Amino acid sequence: MPKTSPRSTNAPATAATAQRSRLATPAEVAVYLGVPVKTLYQWKYRGTGPNVHKVGRHLRYRWQEVDAWLDARTSYDLTA
């Protein structure tokens, strides 16, 4: 019986989870939020958009920060 690594005992990550765990490009965030990429650049300039990080010369977003930013701007309460 072959030895298994500790990683193989964990539940396999789904494609959606694997994709969401990586950093997002401005184009991916724009599609997710339903806004043009140019709007993301304007929000970055004004300091009103989700946190953005420079990786080399590229802008990248963390999905958790995008979701947190979006939740903070929800204009209505979903609880009854």
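As a reminder, the structure under discussion sits directly above these lines.
Residues numbered from 1 in each chain as written. Predicted model: local features only at pLDDT ≥ 70, side-chain atom pairs only at ≥ 80, totals over all residues. Heavy atoms only, no water.

Caption draft 1: Fine view of the overall build of the protein. When its secondary structure is counted, the protein shows 4 helices and 2 strands. For the protein, the α and β elements follow one another from N to C terminus as α-α-α-β-β-α. Burial status across the protein gives 19% buried among its 80 residues. Pairs at least 24 apart in sequence give 48% of the contacts found in the protein among residues at least 6 apart. Carbon and sulfur atoms provide 56% of the accessible area of the protein, an area that totals close to 6,500 Å². (Helix = DSSP H or I, 4+ residues; strand = E, 2+ residues; numbered from the N terminus. Buried < 20%, exposed > 50% of the residue type's maximum accessible area, 1.4 Å probe, protein only. Contact = heavy atoms within 4.5 Å. Areas by Shrake-Rupley, 256 points an atom, 1.4 Å probe, with all protein chains shown as cover.)

Caption draft 2: Seen up close, the packing of helix 2 (residues 26–33) against helix 4 (residues 63–72). Between helix 2 and helix 4, whose axes approach to 12 Å, the crossing angle comes to 35°. In the crossing of helix 2 with helix 4, the sense of the turn from one axis to the other is right-handed. Within the contact between the two elements, helix 2 uses Glu28, Val29, Tyr32 and Leu33 and helix 4 uses Trp63, Val66, Asp67, Trp69 and Leu70. Of the residues contributing to the contact of helix 2 with helix 4, the split by class is 7 nonpolar, no polar and 2 charged. (Axes fitted to C-alpha atoms, helices over the stretch in contact; angles between N-to-C directions. Left-handed = near helix turned anticlockwise from the far one by under 90°. Nonpolar A, V, L, I, M, F, W, Y, C, P; charged D, E, K, R; others polar.)

Caption draft 3: Structural context of the pattern of salt bridges. Taken as a whole, this structure holds 2 salt bridges when the rule is applied. Salt-bridge contacts for Arg22 lead to Glu28; the nearest nitrogen and oxygen are separated by 2.5 Å. Residue Arg62 is joined to Glu65 by a salt bridge in which the shortest nitrogen-to-oxygen separation is 3.6 Å. (Salt bridge = Lys/Arg side-chain N within 4 Å of Asp/Glu carboxyl O.)

Caption draft 4: Summary view of helix 2. Buried within helix 2 are the following residues: Pro26, Val29, Ala30 and Leu33. What you see down the axis of helix 2 is that its buried residues fit within an arc of 105°, all on one side. Elements that come into contact with the buried residues of helix 2 comprise helix 3 (37–46), strand 2 (58–60) and helix 4. Following helix 2 by one or two positions, Gly34 has its phi on the positive side, about 75°. (Arc of directions from axis to C-beta.)

Caption draft 5: Layout of the nonpolar core. Residues Ala24, Val29, Ala30, Leu33, Leu40, Trp43, Tyr61, Trp63, Val66 and Trp69 constitute the largest nonpolar core, which totals 10 residues. Going through the elements one at a time, helix 2, helix 3 and helix 4 are the ones with two or more residues in this core. With sequence-adjacent residues up to four places away left out, Tyr61 is seen in contact with Leu23, Ala24, Thr25, Pro26, Val29, Leu40, Pro50, Asn51, Val52 and Val66. (Core = buried A, V, L, I, M, F, W, Y, C linked by side-chain atoms within 4.5 Å.)

Caption draft 6: The arrangement of the environment of Val29 in detail. With respect to the helices and strands, the residue Val29 is situated in helix 2. Residues Val29 and Val66, 37 residues apart in the sequence, show an inter-C-alpha distance of 7.9 Å. Every residue in contact with Val29, bar those within four places of it in the chain, is listed here: Ala24, Leu40, Tyr61, Trp63 and Val66.

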